[in-house]
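# A closer look at the structure
Spelled out, the chains give:
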Amino acid sequence: MRSTRLLAFFVVAFTLLLGASWCFAILRPASSLQPSPKATPATPKSDAEIQKCIQDKVAASELKNQNVQVSVANGEATLAGPFSTPGHKNTAGQIARGCGAHKYILQHRRAT
């Protein structure tokens, strides 16, 4: 009988704690959930800025020895290089998107 009361006490206490935490989560102001403007970097807008950004990031990535050529026209980036693994293709795509290209094309070239 005593263990049943103890179990009931813990169930009620846990339920109250869970409900209180849910209420506080709902009451949190929306502004505290949004990232600060300083946390998100500004993406370049012009084709020249996008191209420079991609070239700089490619030079600092695992693709630096792959001789990747970059061109940008109307926000569409074209990356040409010997992308030998799916990881290289993924990295190139992430770099292009991160620099503000709204579309990217990967052209596979054979290494010479």
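Each remark here, short or long, concerns the structure printed above.
Residues numbered from 1 in each chain as written. Predicted model: local features only at pLDDT ≥ 70, side-chain atom pairs only at ≥ 80, totals over all residues. Heavy atoms only, no water.

With respect to topology, three strands assemble into an open sheet ordered β1-β2-β3, the strand pairing being mixed. Bordering the open sheet on either side are β1 (69–73) and β3 (103–108), each of which pairs with just one other strand. On average, adjacent strands in this sheet sit at an angle of 15 degrees to one another, irrespective of strand direction. Helix α2 (residues 47–59) rests against β1 and β2 (76–81) of the sheet, and its axis sits at about 160 degrees to β1. Its contacts with the sheet put helix α3 (residues 86–98) on β2 and β3, and the angle it makes with β3 is roughly 150 degrees. (Pairing = 2+ DSSP bridges. Helix = DSSP H or I, 4+ residues; strand = E, 2+ residues; numbered from the N terminus. Axes fitted to C-alpha atoms, helices over the stretch in contact; angles between N-to-C directions. Contact = heavy atoms within 4.5 Å.)

Moving on to the packing of α2 against α3. One can describe the packing of α2 onto α3 by two numbers: an axis separation of 9 Å at closest approach and a directional angle of 140 degrees. In this structure, α2 crosses over α3, and the sense of that crossing is right-handed. Facing I54, K57 and V58 of α2, the residues of α3 in contact are I95, A96 and G98. The residue inventory of the contact of α2 with α3, partitioned by class, reads four nonpolar, one polar and one charged. (Left-handed = near helix turned anticlockwise from the far one by under 90°. Nonpolar A, V, L, I, M, F, W, Y, C, P; charged D, E, K, R; others polar.)

In total, this model carries two salt bridges according to the counting rule given. Between K52 and D56 there is a salt bridge, with its nearest N and O atoms 3.0 Å apart. On the criterion of helical spacing, the pair formed by K52 and D56 is a turn pair, its members being four residues apart in helix α2. Of the charged contacts in the structure, one is a salt bridge between K103 and E76, with a shortest N-O distance of 4.0 Å. Of the two residues, K103 sits in strand β3 while E76 sits in strand β2, which places them 27 residues apart along the sequence. (Salt bridge = Lys/Arg side-chain N within 4 Å of Asp/Glu carboxyl O.)

Phi at N67 takes a positive value of approximately 55 degrees, unusual for a residue other than glycine. Take N67: it is sitting in the loop between α2 and β1. Its identity is not glycine, yet N74 carries a phi of approximately 55 degrees, on the positive side. Considering the arrangement of structural elements, one finds N74 in the loop between β1 and β2.

Purely geometric stuff here, so don't read any function into it on its own.
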